[in-house]
Amino acid sequence: MPSFQSPVHRARFVPNLLGRARWSVAVVALALAGLSCGEAVVAPAVVKEVAVSGGGSPLRLAQSAQLGVALRGEGGVALPTVGVSWTSSDVSVATVSASGQVTAVKRGTATISASAGGVTGTAPVPVIGVQRVDATPDSVAVIITQAAQLAATVTADPGVTVTPSWVSRDTT
């Protein structure tokens, strides 16, 4: 068996060692280059502000409106609006869908909240309508072919116009 001391084996052995050493250095260099250039580690964006837009304007009963939301991160950088949840402070006044669509249910004001990343933004949503209808006289009895004059006074929120219509409970 030849020894590693022979010039022939040394000549074969040394290039193999150098070849492996060069190959190992090349692999390590490529791995480091891939980690430092091609595979950057990105920290998740932290939500610093949630701004709700479209609130404040009154809605009439059964009317709907789409609210908007803007998420901001460190330094006011705009973030994608993903992971936003919507809630209403009073669903008997106004409901809100998962997409921010608000629907007026009854008179009053509800606060609509949008939350993302543990941060919440709000907007008031006032719902307007008729406060009260007073008819005078309170009741009237008439006989066939007789007429009676009735009057109605409508008390409504500002911006609400109502024209009363009349219906008899007993048309016989």
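Residues numbered from 1 in each chain as written. Predicted model: local features only at pLDDT ≥ 70, side-chain atom pairs only at ≥ 80, totals over all residues. Heavy atoms only, no water.

Observations concerning the overall build of the protein chain
Within the protein chain, the secondary structure is distributed over 1 helix and 12 strands. Listing the helices and strands of the protein chain from first to last along the sequence gives α-β-β-β-β-β-β-β-β-β-β-β-β. By residue count, 18% of the 172 residues in the protein chain fall in the buried class. Per element, the accessible surface of the protein chain, about 12300 Å² overall, is 60% carbon and sulfur. (Helix = DSSP H or I, 4+ residues; strand = E, 2+ residues; numbered from the N terminus. Buried < 20%, exposed > 50% of the residue type's maximum accessible area, 1.4 Å probe, protein only. Areas by Shrake-Rupley, 256 points an atom, 1.4 Å probe, with all protein chains shown as cover.)

Description of the layout of surface pockets
Considered as a void within the structure, the largest pocket measures approximately 520 Å³ in volume. Around the largest pocket sit 19 residues that line it, and Val140, Val142, Leu150, Ser168 and Arg169 are the ones nearest its centre. Classifying every residue of the lining of the largest pocket gives 11 nonpolar, 5 polar and 3 charged. (1 Å grid on protein atoms, 1.4 Å probe; cavity = no way out; pocket = protein on both sides within 12 Å on 5 of 7 lines; lining within 4 Å. Points joined across faces, edges and corners; volume = space filled by probe spheres on them. Nonpolar A, V, L, I, M, F, W, Y, C, P; charged D, E, K, R; others polar.)

Regarding the environment of Val127
Secondary-structure assignment places Val127 in strand β10 (residues 119–128). The class for Val127 is buried, based on a relative accessible area of 4%. Residues Val127 and Val105 lie 22 residues apart in sequence; the distance between their C-alpha atoms is 7.7 Å. Apart from the residues within four sequence positions on either side, Val127 is in contact with Leu59, Leu61, Val93, Ala94, Ala104, Lys106, Arg107, Gly108 and Asp157. (Contact = heavy atoms within 4.5 Å.)

Thoughts on the sheet that holds strand β6 (residues 85–88)
Taken together, the 4 strands give an open sheet; going across it, the order is β2-β10-β9-β6, and neighbouring strands pair in mixed fashion. Bordering the open sheet on either side are β2 (59–60) and β6, each of which pairs with just one other strand. Of the pairings in the sheet, the one linking β6 to strand β9 (residues 108–116) comprises 4 bridges and is antiparallel in character. The residue bridging Ser88 from the neighbouring strand is Ile112, located in β9. (Pairing = 2+ DSSP bridges.)

Concerning a nonpolar patch on the surface
A cluster of nonpolar side chains, namely Val140, Val142, Leu150 and Trp166, defines an oily patch on the protein surface of about 360 Å² accessible area. Within the secondary structure layout, Val142 lies in the loop between β11 (130–136) and β12 (151–156). Residue class for Val142 comes out partly exposed when judged on its relative accessible area of 43%. (Patch = residues over 30% accessible without salt bridge, like charges linked within 9 Å, V, L, I, M, F, W, Y side chains within 5 Å. Salt bridge = Lys/Arg side-chain N within 4 Å of Asp/Glu carboxyl O.)

Comments concerning the pattern of salt bridges
One pass over the full model with this rule turns up 3 salt bridges. With its nearest N and O atoms 3.6 Å apart, the salt bridge here joins Glu74 to Lys48. Placement of Glu74 in the loop between β4 (68–72) and β5 (78–79) and of Lys48 in the loop between α1 (7–38) and β1 (49–53) is noted, with a sequence separation of 26 residues between them. A salt bridge links Asp157 to Arg107; the nearest nitrogen and oxygen atoms lie 2.8 Å apart. Of this pair, Asp157 sits in the segment after β12 while Arg107 sits in the loop between β8 (101–104) and β9, and the two are 50 residues apart along the sequence. We classify Asp157 as buried; its relative accessible area is 9%.

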